[in-house]
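# Remarks on the overall topology
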Amino acid sequence: QVQLVESGGGLVQPGGSLRLSCAASGDISNAFAMAWFRRAPGKEREFVAVISMAGDLTRYSDSVKGRFTISRDNAKNTVSLRMNSLKTEDTTIYYCAARWRDVSTLGLEFGYWGQGTQVTVSS
């Protein structure tokens, strides 16, 4: 069983940066691919980024590629999302998710989810 808790959300001006963190209660090293998704009210859940168990493979959505960076520290059971050059359209709730073994960009394939953290980009 894995429990995920996100932190680091907040209010930032356009062009600014934030770093989201996800702490896992269980041992996620060598067993779980980790990802970030986001969902705005009334919209579909959107894939943001995913990282493999060992951290050697990452994938990003086109909307965040070049601006966001996902990383993990298996020794600390944490996953981070560094968000640079934030835009107003990045405003939404961000969720951390874990999937057994392989990477995926499909939310339905992730079995563990955090409660989410709000990111608001506004001047």
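Residues numbered from 1 in each chain as written. Predicted model: local features only at pLDDT ≥ 70, side-chain atom pairs only at ≥ 80, totals over all residues. Heavy atoms only, no water.

## Quick notes on the overall build of the chain
Under the convention used in this document: Numbered from the N terminus, helices here are DSSP runs of H or I no shorter than four residues, and strands are runs of E no shorter than two. In this description the radius of gyration comes from C-alpha coordinates, and the expected globular size is given by 2.2 Å times residues to the power 0.38. Residue burial is assigned from relative accessible area. The probe radius is 1.4 Å, only protein chains are included, and a residue is buried under 20% of its type maximum, exposed over 50%, and partly exposed in between. Any two residues having at least one pair of non-hydrogen atoms within 4.5 Å are treated as being in contact.
Each helix and strand counted, the chain has 0 helices and 11 strands in total. Reading the helices (α) and strands (β) of the chain from amino to carboxyl end gives β-β-β-β-β-β-β-β-β-β-β. At 13 Å, the chain has a C-alpha radius of gyration in line with the 14 Å of a compact globule built from 123 residues. Expressed along its principal axes, the backbone C-alpha trace of the chain runs to roughly 40 × 30 × 25 Å. Split into buried and exposed, the 123 residues of the chain put 45% on the buried side. Taking as baseline every contact in the chain between residues at least 6 positions apart, the subset at least 24 positions apart corresponds to 59%.

## As for the environment of A24
Tracing the backbone shows A24 in strand β3 (residues 18-24). Linking A24 and C96, residues 72 residues apart in sequence, is a C-alpha distance of 9.6 Å. If near-sequence neighbours (up to four positions away) are discounted, A24 is found in contact with V2, Q3, L4 and N77.

## Regarding the pairing of strand β7 (residues 68-73)
The criterion, for reference: For two strands to be treated as a pair, DSSP must find at least two bridges joining them.
Side chains F68, I70 and R72 of β7 all project onto a buried face; the interleaved residues T69, S71 and D73 project onto a face where none is buried. Bridge analysis of β7 against strand β8 (residues 78-83) gives 6 bridges, and the strand direction is antiparallel. Opposite S71, over in β8, you have S80 as the bridge partner. Hairpin connection, β7 to β8: the antiparallel pair is bridged by 4 residues, and N77 has positive phi, about 55°.

## Quick look at the environment of F68
Within the secondary structure, F68 is located in strand β7. Its relative accessible area of 2% is what places F68 among the buried residues. Between the alpha carbons of F68 and L86 there is a distance of 8.9 Å; along the sequence they are 18 residues apart. If we skip the residues at most four places from it in the chain, F68 touches R38, V48, Y60, L81, R82, M83, N84, L86, D90 and Y94.

## Considering the sheet that holds β7
So the rule is basically this: Every angle, taken between N-to-C directions, lies between 0 and 180 degrees, and every axis is a line fitted to C-alpha atoms, over only the stretch in contact when it is a helix.
One open sheet holds the 4 strands; their spatial order is β1-β3-β8-β7, and the pairing between them is antiparallel. Both edges of this open sheet fall to β1 (4-7) and β7, since each of them pairs with a single strand only. The sheet shows a mean angle of 15° between the axes of neighbouring strands, taken without regard to direction.

## Focus: unusual backbone geometry
Unusually for a residue other than glycine, N77 sits at a positive phi of about 55°. Looking at where N77 falls in the secondary structure, it is placed in the loop between β7 and β8. Positive phi, normally seen in glycine, also occurs at S85, with a value near 50°. Examined against the element boundaries, S85 turns out to sit in the loop between β8 and β9 (92-100). Look at S85 and you get partly exposed, because its relative accessible area is 40%.

Honestly, that's just the spatial picture; any functional story needs more than this.
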